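Structure assessment
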Amino acid sequence: MPTDRAAPTLTPARFPLRRALIVSRPALWVNTVGTLVTGVWLTGRLYTLDAGVLALLAYLTLPFNLLIYGLNDLWDQEEDARSSRKGGWQGARLRAQEAAPLLRATLWWNLPALAGLSVLLPPPATLLLLTSALLFAAYSLPPLRLKARPFLDGLSNVAYALPLALPALALGSPVPWWPLLALMSYSVGKHAFDAAQDIPADRAAGTRTVATTLGARGTAAYALTWFVLASALLLPASKLTALALLLTCGGMALRLLLRPTPEQAARLYPLSIVTPWIVGAVAGVQLVALLARGQWTGF
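Just so it is clear, the structure is predicted and the values come from calculations on it, not from any experiment.

All right, on to helix α2 (residues 33-42) then. Counting buried residues in α2 gives 7 out of 10 residues, a clear majority hidden from the surface. Burial in α2 covers these residues: V33, T35, L36, G39, V40, W41 and L42. One or two steps after α2, the chain reaches G44, where phi turns positive at roughly 95°.

So, on to the pattern of salt bridges. A side chain with one charge can pair with a side chain of the opposite charge if their charged atoms come near. Summed over all chains, the structure comprises 3 salt bridges. Salt-bridge contacts for D73 lead to R25; the nearest nitrogen and oxygen are separated by 2.9 Å. Taken together, the residues D73 in helix α4 (residues 62-75) and R25 in the loop between α1 (17-23) and α2 connect sequence positions 48 residues apart. A residue is classified by how much of its surface remains accessible, and R25, at 6% relative accessible area, is buried.

Time to look at the UniProt feature "transmembrane region" (unreviewed entry) in the protein chain. When the UniProt feature table is mapped to this numbering, "transmembrane region" (unreviewed entry) covers residues 26-44, 51-71, 113-139, 151-170, 214-234, 240-258 and 270-292. Helix and strand shares over residues 26-44 are 53% and 0% respectively, and the end C-alpha atoms of the span are 28 Å apart. Here residues 214-234 is 100% helix and 0% strand, with 27 Å between the C-alpha atoms at its ends.

Conventions adopted
- Residues numbered from 1 in each chain as written.
- Predicted model: local features only at pLDDT ≥ 70, side-chain atom pairs only at ≥ 80, totals over all residues.
- Heavy atoms only, no water.
- Buried < 20%, exposed > 50% of the residue type's maximum accessible area, 1.4 Å probe, protein only.
- Helix = DSSP H or I, 4+ residues; strand = E, 2+ residues; numbered from the N terminus.
- Salt bridge = Lys/Arg side-chain N within 4 Å of Asp/Glu carboxyl O.
- UniProt positions renumbered as here; feature names shortened; annotations may be inferred.

Set out below in structure tokens:
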């Protein structure tokens, strides 16, 4: 009798919720949820009961991250099969029979939610949200498949920064341009840095990325440049946050530059994962303190 109970039974119409959660990489939800919450703070409101913002908060958990990483996993199965970091909290390693159910689940979690949000949100916020979703889809899906187009792969990751402006557009507040531009620069640099550990797997699969093009040393220098730019763009908003970003992100890029190997990039990857928490905590403490004292009213 079969004794393997680890793999759930799959039918063409069913993708288990537990498996969907794994594919959506909850450890990385801070990149979407945290960005939106920071955007709320930057409007000058410590909290809000606005229906559109609350619906966005829910959407940027499982549904949006399933769109980001589910589509990525579907079209990266060959690379993921060679990657030692896949198959756990850093990303799923899909089985062949999961492809169709995962695609259906991704569509069912996202299309109705986007339609509902288009009713709740003002048109500019809806347009920005759709732009972010389309950039993530274009990153993974052919014919564009920006992931396999060096430099465009990282530049398309500005999609991670766009939720920062959604609360401002939803609540009728000014867009926080300096933090938004800084987060865009950070996102490009972080994508390059994180791709350095995948150079062997991507080259074996024939996938061209910014990291396979520049090599580990060039990628480290490229990421460091973007992190320095992000820190400079943060200066008008918060010198302390700019310093935190430079020390954490710039420091890990410098360490990779001094020892430029995919193995070193893999060792530094856990630090890359927590940098949004570190920098966000520094920014958040300052914002909450200013809001509590009535000294911050937004941009």
